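Take a look at the letters that make up each chain.
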Amino acid sequence: MNKGPLALRTISETADALGVPQHVLRFWETKFTFIRPTKRAGGRRFYRPQDIDLLLGVKTLLYDRGYTIRGVQKLFKDEGQKAILNPSGERYTGPVDETVATEQGLVSQDEIAAEDAAGVRQPVFGGASVPPAAMSAEMRDSFLNIAKALEEAQASLSRHIGKTKRET
């Protein structure tokens, strides 16, 4: 049974999809604060598509671009999550399913391929986005400001959590 594109993946599914051992994913969690899979009862890890995109970016930087762990940490600190998310333009697409969830509902892979060929792409949840040309400059700036505010809030929360752990 295939999972949908938005389904959570276990650590073994994620490790297989990325081509790395499970212990590497656990190690990366200790080195990169931005890797935070959902943990359920018993500490089982579940990865969202966004988590897998981050892991794919980390793998690309470490294995293909020759970054060190410190180099990836510095890149994240200096440029934020977007620098990690898409270093090669590659995105995790998950297992191939017959349909994909879009704002218009479920759309077949054939329809998406036809839209890509025609240069028209529908927004896909957790995957592709509206082409930049379809956005006004004002809308794009608004989204970038929101993304920056979210990254700053995430960094602030991470610092606060770190302080709380040290105090206990």
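This report concerns the structure included in the present document. In this text the structure is predicted, and so the values were computed from the model without any measurement.

Considering the overall build of the protein
Reasoning step 1: If you tally the helices and strands in the protein, you get 7 helices and 5 strands.
Reasoning step 2: The N-to-C order of helical and strand elements in the protein reads β-α-α-β-β-α-α-α-β-β-α-α.
Reasoning step 3: Here the protein, with 168 residues, has 29% of them falling under the buried criterion.
Reasoning step 4: Residue pairs in contact within the protein that sit at least 24 positions apart in sequence constitute 54% of those at least 6 positions apart.
Reasoning step 5: When the accessible surface of the protein is totalled, it reaches about 11,000 Å², and 55% of it is carbon and sulfur.

Brief notes about the packing of aromatic side chains
Reasoning step 1: A full pass over the atoms with the stated rule returns 3 aromatic pairs.
Reasoning step 2: When the centroid spacing of 6.1 Å and the interplanar angle of 70° are considered together, the rings of Trp28 and Tyr63 count as edge-to-face. Of the two residues, Trp28 sits in helix H2 (residues 22-31) while Tyr63 sits in helix H3 (residues 49-64), which places them 35 residues apart along the sequence.
Reasoning step 3: When the centroid spacing of 4.4 Å and the interplanar angle of 35° are considered together, the rings of Phe34 and Phe76 count as tilted. Here Phe34 is found in the loop between H2 and strand S2 (38-39), whereas its partner Phe76 is found in helix H4 (residues 69-79), with 42 residues between them in sequence.
Reasoning step 4: Taken together, the ring pairs in this structure connect Phe32, Phe34 and Phe76 into an aromatic cluster.

Focus: H3
An α-helix turns once per 3.6 residues; consequently, residues spaced three or four apart project the same way.
Reasoning step 1: Given a rise of 1.5 Å per residue, 16 residues ought to cover 22 Å, and the 21 Å separating the end C-alpha atoms of H3 matches this to within 8%.
Reasoning step 2: The element H3 is largely enclosed, with a buried count of 12 among its 16 residues.
Reasoning step 3: All of the buried residues along H3 are Pro49, Asp51, Ile52, Asp53, Leu54, Leu55, Leu56, Gly57, Val58, Thr60, Leu61 and Leu62.
Reasoning step 4: The secondary structure elements touched by the buried residues of H3 are strand S1 (9-10), helix H1 (11-18), H2, strand S3 (45-47), H4 and helix H5 (81-85).
Reasoning step 5: Within two residues after H3, Gly66 carries a phi angle of roughly 80°, on the positive side.

Some words on the pattern of salt bridges
A side chain of one charge can pair with a side chain of the opposite charge if their charged atoms are brought near each other.
Reasoning step 1: Within this structure, the stated rule accounts for 4 salt bridges.
Reasoning step 2: Taking the shortest distance from any N to any O, the salt bridge between Asp51 and Arg48 comes out at 2.9 Å.
Reasoning step 3: With its nearest N and O atoms 2.6 Å apart, the salt bridge here joins Asp78 to Lys74. In this pair, Asp78 and Lys74 are both assigned in helix H4, 4 residues apart and thus about one turn of the helix distant.
Reasoning step 4: On the basis of relative accessibility, which here comes to 49%, the residue Asp78 falls in the partly exposed class.
Reasoning step 5: What emerges from the salt-bridge pattern is a single network uniting Glu29, Lys39 and Arg45.

Rules used throughout
- Residues numbered from 1 in each chain as written.
- Predicted model: local features only at pLDDT ≥ 70, side-chain atom pairs only at ≥ 80, totals over all residues.
- Heavy atoms only, no water.
- Helix = DSSP H or I, 4+ residues; strand = E, 2+ residues; numbered from the N terminus.
- Buried < 20%, exposed > 50% of the residue type's maximum accessible area, 1.4 Å probe, protein only.
- Contact = heavy atoms within 4.5 Å.
- Areas by Shrake-Rupley, 256 points an atom, 1.4 Å probe, with all protein chains shown as cover.
- Phe/Tyr/Trp six-rings, centres within 6.5 Å; stacked < 30°, edge-to-face > 60°.
- Expected span 1.5 Å × (residues − 1).
- Salt bridge = Lys/Arg side-chain N within 4 Å of Asp/Glu carboxyl O.

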